[in-house]
Amino acid sequence: MNSGKQFPIKFSQNPNSLSKKEREAILKKPGFGQKFTDHMLVIHYNDEKKWHDAEIKTYGPISLDPAVCVFHYAQEIFEGMKAYKANDGRILLFRPEANAKRFANSAKRLAMAQLPESLYLQAINEFVKAEKNWIPDQEIGSLYLRPFMIASKPYLGVKPSPEYLFMLIASPAGSYFSKDAQSVSVWVSEFYTRAAPGGTGEVKCGGNYAASLAAQQEATKNQCDQLIFLDSVEHKWIEEMGGMNIFFVFKDGTLLTPPLSGTILPGVTRDSLITLAKDKGLTVKQEKYSIHQLIDDIQSKKISEIFACGTAAVITPIGKIKNSKGEYIINEGKSGKITQELRKSLIDIQFGNVIDPYQWVKVVK
């Protein structure tokens, strides 16, 4: 992958890297977000020196002053992406430019220093090269990459930090949902909201996810795997899930997903699926959809499939929706035909099993 002008990134070998035997034991059953690779990448920033001192070094704890800005004013953003191992041995990234652009947009919204997109791409490429032995075989999973940035200047006072740390860690990943069910159940949050107009809903920042945890606890209490958030103004329009976008499939094959209006994260998987579906001849609508209409459409069998999508979970069928008034089963709780076809098409491209007509996949070199 050509990431343009090269920035000096130092590599320091972890002297305590796991042995091949230890690593392979982890890769046989990696779980999700439980184990981490031998190294991490760190790039420093301050207003005077700009981006500097980039290094891939031993994974481990970092030392921060108790007064650093991130602890008190939550200047923090992150991304989620994956590296894949093709059957011919190539190491692949899926649409890394889209993640780089979204990361820059997130930084702008939170008044943080913007990491140049070329440096973001170079950092990803060099780090994945260093940790390529941690990528599981494709029948098991992929290597989940977590780039993130925090405000690192110690002070108290509500203003943008003049110092930041960009970091990158990675975790071999299997299935996002741990249970073996064909579909997941979803709770409709009738009290909590995820984002408001003018807020940070379209930004990938930790605060959005922290604000969703109480709602997720409510979903778990009601025996559901995930939740759906409604809009904060009228509290009836479906927006997104706790950490994923959502699609509805109608009996006539039409797909509908809530529109990007500043309160919904512009998912890379979401955007990719819209393109794939249209190229399969399907109609895709980005329109408002109320929870009341959804329930009516499920009960009348107008809705044939519902699925969630995101980098971590890829595409996950939704078999049941619950709220305080009852529960509603979709497609007998099974994964639908369109859901399965789109999932296969996307995964085949991500793992290099088919020719990529969109030039989404980038080879790590």
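Everything in this summary refers to the structure shown in the same document. Every chain is numbered on its own, with residues counted from 1 as its sequence reads. Residues qualify for local features only when their pLDDT is at least 70, as the model is predicted, and side-chain atom pairs are given and counted only at 80 or more; totals for whole chains, interfaces and linings, by contrast, use all residues. Remark: hydrogens and water are excluded; side-chain values derive from all non-hydrogen atoms of the structure.

### Remarks on the side chain of R102
The criterion, for reference: The way it works is that DSSP assigns letters per residue, a run of H or I at least four long becomes a helix, a run of E at least two long becomes a strand, and they are numbered from the N terminus. Here's how the labels work: a residue is buried when its accessible area is under 20% of the maximum for its type, exposed when over 50%, partly exposed in between, all with a 1.4 Å probe on protein chains only. Any two residues having at least one pair of non-hydrogen atoms within 4.5 Å are treated as being in contact.
Topologically, R102 is positioned in helix α3 (residues 96–109). The buried category is assigned to R102, whose relative accessible area is 8%. Apart from residues lying up to four places away in sequence, R102 is in contact with E79, G80, K204, L265, P266, G267 and V268.

### Looking at the pattern of salt bridges
Quick reminder of the rule: Within this document, salt bridges are pairs made up of a side-chain nitrogen of Lys or Arg and a carboxyl oxygen of Asp or Glu, the two lying within 4 Å of each other.
The final tally for this structure, using the stated rule, is 11 salt bridges. Salt-bridge contacts for E163 lead to K153; the nearest nitrogen and oxygen are separated by 3.8 Å. Here the residue E163 occupies a position in strand β8 (residues 163–173), and K153 occupies one in the loop between β7 (142–151) and β8, the gap between them amounting to 10 residues.

### Examining the pairing of strand β3 (residues 50–58)
Our working definition: Should DSSP find at least two bridges between two strands, the strands are regarded as paired.
Direction of pairing for strand β1 (residues 9–11) relative to β3: parallel, over a ladder of three bridges. Residue pairing across strands places I9 opposite A54, the latter belonging to β3. Examined bridge by bridge, strand β2 (residues 39–46) and β3 share seven bridges and lie antiparallel to one another. Within β3, the position partnered with N46 by the bridge is K50. Between β2 and β3, which pair antiparallel and follow one another directly, the connecting turn spans three residues.

### Side note on the packing of aromatic side chains
For any pair of aromatic rings, the description consists of the separation of the ring centres together with the inter-plane angle of the planes. We count it as follows: Stacked, edge-to-face and tilted labels apply to pairs of Phe, Tyr and Trp rings (six-membered ring for Trp) whose centres lie within 6.5 Å, assigned for plane angles under 30 degrees, over 60, and everything in between, in that order. As a reminder, the over-ring test applies to NZ of lysine and CZ of arginine, requiring each to be within 6 Å of the ring centre and within 35 degrees of the ring normal.
For the structure shown, the criterion picks out 15 aromatic pairs. With a centroid separation of 5.0 Å and an interplanar angle of 65°, the aromatic rings of F248 and Y289 are classed as edge-to-face. Here Y289 lies in the loop between β14 (284–286) and α8 (291–299) and F248 lies in strand β12 (residues 245–250), a separation of 41 residues in the sequence. Here F248 falls in the buried class, since its relative accessible area comes to 0%. Considering the side-chain rings of Y358 and W360, the 4.2 Å spacing of their centres and the 20° angle between planes classify their relative orientation as stacked. Take Y358: its relative accessible area is 24%, and that puts it in the partly exposed class. Among the aromatic residues, those joined into a ring-pair cluster are Y45, W51 and Y164. The ring of Y155 carries the charged tip of K159 above its face, separated from the ring centre by 5.3 Å.

### Side note on the environment of K132
Along the chain, the position of K132 falls in the loop between α4 (117–130) and β7. Of the residues examined, K132 reaches a relative accessible area of 46% and is grouped as partly exposed. Each C-alpha atom of the pair K132 and I43 lies 20 Å from the other, and the pair is 89 residues apart in sequence.

### Considerations on the packing of α3 against α4
Note the cut-off: To obtain an axis, a line is fitted to C-alpha atoms, over the contacting stretch when the element is a helix, and the angle between two such axes runs from 0 to 180 degrees between their N-to-C directions. Every angle not falling under 35 degrees, over 145, or within 65 to 115 is termed oblique; those three ranges are roughly parallel, roughly antiparallel and roughly perpendicular. We call a crossing left-handed when the near helix sits turned anticlockwise from the far one by less than a right angle, and right-handed when that turn is clockwise. Three classes are used: nonpolar for Ala, Val, Leu, Ile, Met, Phe, Trp, Tyr, Cys and Pro, charged for Asp, Glu, Lys and Arg, and polar for all others, with Gly counted as polar.
As a packed pair, α3 and α4 sit with axes 9 Å apart at the nearest point and diverge in direction by 130°. Relative to α4, the element α3 is oriented oblique. When the axes of α3 and α4 are compared, the crossing they make is right-handed. Residue-level contacts link P96, E97, N99, A100, K101, F103 and A104 of α3 to E117, Y120 and L121 of α4. Grouping the constituent residues of the contact of α3 with α4 by class yields six nonpolar, one polar and three charged.

### A word on the environment of F127
As for its placement among the helices and strands, F127 is situated in helix α4. Sequence separation between F127 and I169 is 42 residues, and the spatial gap between their C-alpha atoms is 8.8 Å. Sequence-distant contacts of F127, defined by excluding residues within four places in its chain, comprise T37, H39, M40, L41, I56, L168, I169 and A170.

### Topic: helix α7 (residues 268–279)
The condition is simple: Given a helix with a known number of residues, its expected span is that number minus one, times 1.5 Å.
The first and last C-alpha atoms of α7 sit 17 Å apart over 12 residues, in line with the 16 Å expected at 1.5 Å per residue. Every buried residue belonging to α7 is among V268, T269, R270, S272, L273, I274, L276 and A277, and all of these are buried. In the segment just after α7, G281 is the residue with positive phi, at about 85°.

### Describing the packing of α7 against helix α9 (residues 337–350)
Interaxial distance between α7 and α9 falls to 10 Å at its minimum, and their mutual angle equals 110°. What the angle tells us is that α7 and α9 run roughly perpendicular. The way α7 lies across α9 gives a crossing that is right-handed. For the pair formed by α7 and α9, the contact residues are T269, S272, L273, L276 and A277 on the first element and L342, S345, L346 and I349 on the second. Here the contact of α7 with α9 is composed, by residue class, of six nonpolar, three polar and no charged.

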